[in-house]
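# Fold and geometry: a report
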Amino acid sequence: MGGRLRSRSRSGVRARRKVLIIHGPNLNLLGRRDPSIYGENSLADIDAALRARGRAHGAGVDTFQSNIEGELVTAIQSATGRYDAIVINPASYSHTSVAVRDALEACGVPAVEVHLSNIHGREVFRHTSMTAAACIGQISGLGLNSYLLGLDAALAHVEGLAPR
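Each value, and the rule that gives it
Residues numbered from 1 in each chain as written. Predicted model: local features only at pLDDT ≥ 70, side-chain atom pairs only at ≥ 80, totals over all residues. Heavy atoms only, no water. Buried < 20%, exposed > 50% of the residue type's maximum accessible area, 1.4 Å probe, protein only. Helix = DSSP H or I, 4+ residues; strand = E, 2+ residues; numbered from the N terminus. Pairing = 2+ DSSP bridges. Right-handed = clockwise from strand over helix to strand, strands pointing away. Axes fitted to C-alpha atoms, helices over the stretch in contact; angles between N-to-C directions. Lys, Arg positive; Asp, Glu negative; His and termini not counted. Salt bridge = Lys/Arg side-chain N within 4 Å of Asp/Glu carboxyl O. Polar contact = N/O pair within 3.5 Å; in protein donor to acceptor, adjacent residues only side chain to side chain. Contact = heavy atoms within 4.5 Å.

## A closer look at the pairing of strand β5 (residues 85-89)
- In terms of burial, β5 is largely enclosed, as five of its five residues are buried.
- Neither face of β5 is open: one carries A85, V87 and N89, the other I86 and I88, and all of them are buried.
- Summarising the sheet, strand β3 (residues 17-23) and β5 pair through five bridges and their orientation is parallel. Residue pairing for β5: V19 is matched across the bridge by A85.
- Across three bridges, the pairing between β5 and strand β6 (residues 111-115) is parallel. Opposite V87, over in β6, you have V112 as the bridge partner.
- Note on the crossover from β5 through helix α4 (residues 98-107) to β6: the handedness is right-handed.

This is the structure we're talking about:
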């Protein structure tokens, strides 16, 4: 994806975009938890790849992981006014959390939902994401690339390079 991924502020100085990456429950176990489904990358590997991809696009990337629903909600709410976009893997909360969905809708920060595995090819209860409708899009089933493409999509959206 080419193009400019910075914008100019009112003063004419380029403003660096900031993206918050939010990882939900059990993602701290990546690399050890069922690698046949979730891959062999650790969460630290994924975070490092996202920070490198962000730098390549001239954007800052901060990461956050929690197994606690309320902490995810607080992280989403705190993104307002601090971040240009969110890339979120709500993990199992995708299928159960009205609170995470409501926070995504209320915060006003565009979000892309990502999943390492193909949630539509797994158990039936994983086929429905309650949180995806509060996001600008969803990418799943591509392992680490789901996150990288999610970051690309979030930045393109913020820069007006993607359909709205």
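What follows picks up the thread again.
## Considerations on unusual backbone geometry
- In this structure, N26 takes a positive phi of about 70 degrees despite not being glycine.
- Looking at the element boundaries, N26 is found in the loop between β3 and α1 (35-38).

## Points about the sheet that holds strand β4 (residues 59-65)
- Strand order in the open sheet formed by five strands is β4-β3-β5-β6-β7, and the pairing between neighbours is parallel. The sheet is open, and its two edges are formed by β4 and β7 (137-140), each paired on a single side. With direction set aside, neighbouring strand axes in the sheet form an average angle of 20 degrees.
- With four bridges connecting them, β6 and β7 associate as parallel partners. Across the sheet, the residue bridging to V114 is I139, located in β7.

## Overview of the side chain of E113
- Relative to the elements of secondary structure, E113 occurs in strand β6.
- Look at E113: it is buried, it has no salt bridge, and the nearest opposite charge is R101 at 8.6 Å.
- Reaching out from E113, the side chain makes a polar contact with the side chain of T131 at a distance of 2.5 Å.
- Engagement of the side chain of E113 in a polar contact is seen with the side chain of Q138, the distance being 2.9 Å.
- With sequence-adjacent residues up to four places away left out, E113 is seen in contact with I88, P90, S94, S129, T131, A132, C135, G137, Q138 and I139.

Take it as geometry only, folks, not as evidence of what the structure does.
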